[in-house]
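Read off the chains here:
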Amino acid sequence: MKRYYIETFGCQMNVHDSEKMAGILKSEGYMKTDSVQNADVVIFNTCSIRQKAEQKFFSELGRIKSLKKRRPDLKIAVAGCIAQQEGRGILERAPYVDYVVGPQNINVLKDIITSQSDFVFTDDNPLISETELPIERKDNVRAWINIMYGCNNFCSYCIVPYTRGREESRASGSIINEIKELTDRGYKEITLLGQNVNSYMSDTNFPGLLKKINEIDGINRIRFVTSHPKDLSDELIHALKDMEKVCEHMHLPLQSGSTKVLKLMNRKYTYEDYTKKVEKLRKIIPEISITSDIIAGFPQETDEDHKETVKALTEIEFDGIFAFKFSPRQGTTAYNMDGRLPDKVKSERLYEIFEVQNIITERKNKELKGTIQEILIEGKGEKDTGRFTGRTRTNKIVNIPSEDNAEPGDTITVKITRAGRHSLEGDIL
Ligand code: SAH
Ligand code: SF4
Ligand code: F3S
């Protein structure tokens with residue numbers, strides 16, 4: 001039997017695309033292996049969001065060259081966002097690569113693994129939203145589901161619109177069918193995936209889609225990523241409030257607390273617009289947790305601008321953030337902007353951002369001590385330690401030392417007994 005090895009870089013979108021590529025290979029009779037040495041097909045599913053991600057992939061790719069030399073029959077495919085961006089350039093740089101397949105073309109994998117020569121598949125493919133592929137999911141309790149592909153926003157720093165193409169929403173019927181199949185197989189939580197889920201629009205809009213999903217029996221929890229602040233409507237906020245299965249968590253990337261920088265980023269909202277939406281969210285759904293993304297050291301960001309970001313963190317009090325140093329991406333508008341900052345300045349600003357946020361995250365977690373939470377068990381700890389891990393509806397990780405017999409997929413009620421920055425601990429009630 002032939003074996004495949006897939007290495008995934010980047011976001012949930014890529015993680016899920018890897019599940020689809022695994023599904024295709026499995027249906028072609030391939031088996032999964034965790035060792036490159038044993039593989040007949042190796043796929044790198046790549047990410048180009050920041051330079052670091054890109055470098056990591058190219059060094060991995062360099063490492064496999066000798067293996068291909070020893071085993072010329074080994075097939076190497078480069079998929080994902082670097083594949084889309086570099087196209088044939090990858091074959092020029094690494095002639096031992098067999099296939100280059102962009103994210104809109106993973107469906108071709110089925111046909112190419114049996115062929116012999118170099119192939120590059122990077123054409124725009126709006127039909128991706130209508131293509132149903134077999135999926136080999138990693139988890140048995142929680143599932144990712146694409147509801148839309150691509151992005152139309154062109155934030156000035158971001159490569160995604162160039163690698164994933166224009167927004168295409170998937171028909172609601174097809175999404176509902178997929179979720180129903182998952183519930184039949186025992187899945188309890190679904191996460192709807194899109195670069196900007198609140199601009200979903202097919203036969204219904206995003207709140208309409210959530211309503212349809214909320215009616216499906218068997219699903220306990222509905223999550224979604226990512227939301228763009230400019231498209232967060234009152235209709236959506238009220239819909240979230242009314243639907244019992246939709247979890248009280250929103251990832252709402254702010255990027256910067258300076259309206260000047262937000263304009264340079266082409267984010268299409270001011271800091272005030274953002275805070276008004278957060279106020280509304282918290283007024284209508286008081287228990288909601290809000291997480292965010294921040295970019296440190298965007299071109300032309302002054303000390304004052306940076307201070308506004310730090311102030312924003314203390315004003316808004318996110319439950320958690322991801323923060324990154326600005327990384328210039330060729331092809332984006334920000335790549336050619338004046339006023340790039342030295343790495344040292346970016347590092348210092350990033351450090352300060354984490355320093356301020358860490359205290360807030362920890363304090364917010366500590367506030368949960370003594371509260372009663374609904375936890376969906378995701379996994380068991382090491383053998384015989386009697387530990388479970390799961391998440392609150394607000395997406396906080398909870399470790400549960402317990403003698404009780406519970407299984408991944410069970411929903412339990414716990415009392416939070418301890419809280420740290422990264423996780424909580426609780427006792428089963
Ligand atoms: N569509 C999602 C995900 C985008 S990528 C969204 O809009 O949030 C995830 C995060 O990576 C972004 O929110 C941004 O904070 C960060 N990011 C994107 N491009 C970047 C770049 N060139 N340099 C640094 N961070 C970047
Ligand atoms: Fe990138 Fe902006 Fe689109 Fe998110 S919304 S993927 S940050 S362009
Ligand atoms: Fe995701 Fe990286 Fe592409 S973050 S969309 S895999 S550039």
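Everything below is about the structure printed above this text.
Residues numbered from 1 in each chain as written. Chains lettered and ligands numbered in written order. Predicted model: local features only at pLDDT ≥ 70, side-chain atom pairs only at ≥ 80, totals over all residues. Heavy atoms only, no water.

Q: Hey, could you go over the pattern of salt bridges for me, with residue numbers and the actual values?
A: Applying the stated criterion to the full structure yields 32 salt bridges. The salt bridge partner of Asp231 is Lys230, with a shortest N-O separation of 2.8 Å. Here Asp231 falls in the partly exposed class, since its relative accessible area comes to 23%. For the salt bridge of Lys366 with Glu362, the shortest nitrogen-to-oxygen distance reads 2.9 Å. Placement of the pair is Lys366 and Glu362 together in helix α14 (residues 343-366), with a separation of four residues, close to one helical turn. (Salt bridge = Lys/Arg side-chain N within 4 Å of Asp/Glu carboxyl O. Buried < 20%, exposed > 50% of the residue type's maximum accessible area, 1.4 Å probe, protein only. Helix = DSSP H or I, 4+ residues; strand = E, 2+ residues; numbered from the N terminus.)

Q: Quick rundown of empty space enclosed by the protein? Include the residues and the values.
A: Taken as a whole, this structure holds two cavities of 30 Å³ or more when the rule is applied. Space inside the largest cavity adds up to approximately 70 Å³. Split into classes, the residues belonging to the lining of the largest cavity amount to four nonpolar, three polar and one charged. There are two domains that each give the lining of the largest cavity at least three residues, and those are domain 1 (3-128) and domain 2 (139-247). By volume, the second largest cavity amounts to about 30 Å³. Lining the second largest cavity, in full, are Ile222, Arg223, Phe224, Val246, Cys247 and His249. Ranked by residues supplied to the lining of the second largest cavity, first place goes to strand β11 (residues 221-225) with three residues. (1 Å grid on protein atoms, 1.4 Å probe; cavity = no way out; pocket = protein on both sides within 12 Å on 5 of 7 lines; lining within 4 Å. Points joined across faces, edges and corners; volume = space filled by probe spheres on them. Nonpolar A, V, L, I, M, F, W, Y, C, P; charged D, E, K, R; others polar. Domains from an automatic or database assignment.)

Q: Account for the site of ligand 1, with residues named and values stated.
A: Around ligand 1, the structure places 14 residues, and the nearest of them are Tyr157, Gln195, Gln255, Asp293 and Ser327. Between ligand 1 and the protein, one listed contact pairs a nitrogen atom with a side-chain N or O atom of Gln195 at 2.8 Å. Relative to its free-state accessible area of 540 Å², ligand 1 is covered by the protein chains to the extent of 89%. Of all elements in the fold, only β13 (289-296) and β14 (320-325) reach the threshold of two or more residues within the shell around ligand 1. Its residues assigned to classes, the shell around ligand 1 shows six nonpolar, four polar and four charged. (Near = heavy atom within 4 Å. Polar contact = N/O pair within 3.5 Å; in protein donor to acceptor, adjacent residues only side chain to side chain. Areas by Shrake-Rupley, 256 points an atom, 1.4 Å probe, with all protein chains shown as cover.)

Q: Could you give me a rundown of the sheet that holds strand β16 (residues 387-391), with the residues and numbers involved?
A: The five strands are arranged β15-β16-β17-β19-β18 in a closed barrel whose pairing can be described as mixed. Taken pair by pair, the neighbouring strands of this sheet meet at an average axis angle of 50 degrees, ignoring direction. Note that strand β15 (residues 372-380) and β16 share four bridges and pair antiparallel. Counterpart to Gly379 in the pairing with β16 is Thr389. (Pairing = 2+ DSSP bridges. Axes fitted to C-alpha atoms, helices over the stretch in contact; angles between N-to-C directions.)

Q: Tell me what's going on with the pairing of strand β17 (residues 397-401), and back it up with residues and numbers.
A: Consecutive side chains along a regular strand alternate between the two faces of the sheet. Alignment of β16 against β17, held across five bridges, turns out to be antiparallel. Bridge pairing links Arg391 to Ile397 in β17. Here β16 folds back onto β17 in antiparallel fashion, the turn holding five residues, of which Asn395 has a positive phi close to 75 degrees. Across two bridges, the pairing between β17 and strand β19 (residues 424-428) is parallel. What sits directly across from Val398, in β19, is Leu424.

Q: Describe the packing of aromatic side chains, naming the residues involved and giving the relevant values.
A: This structure, assessed with the given rule, holds 10 aromatic pairs. Both rings, one in Phe154 and one in Tyr162, keep their centres 5.4 Å apart while their planes meet at 80 degrees; by these two values the pair is edge-to-face. Look at Phe154 and you get partly exposed, because its relative accessible area is 29%. A residue is classified by how much of its surface remains accessible, and Tyr162, at 38% relative accessible area, is partly exposed. Here Tyr274 and Phe318 contribute two aromatic rings whose centre-to-centre distance is 6.3 Å and whose plane-to-plane angle is 70 degrees, an arrangement assigned as edge-to-face. With a gap of 44 residues between them, Tyr274 in helix α12 (residues 271-284) and Phe318 in the loop between α13 (303-316) and β14 connect regions that are remote in the sequence. The residues Tyr274 and Phe318 share a single accessibility class, namely buried. Aromatic rings pair up to connect Phe9, Phe44, Phe57 and Phe58 into one cluster. For the cation-ring pair, Arg340 lies above Tyr335, with the distance from its terminal atom to the ring centre recorded as 5.0 Å. (Phe/Tyr/Trp six-rings, centres within 6.5 Å; stacked < 30°, edge-to-face > 60°. Lys NZ or Arg CZ within 6 Å of the ring centre and 35° of its normal.)

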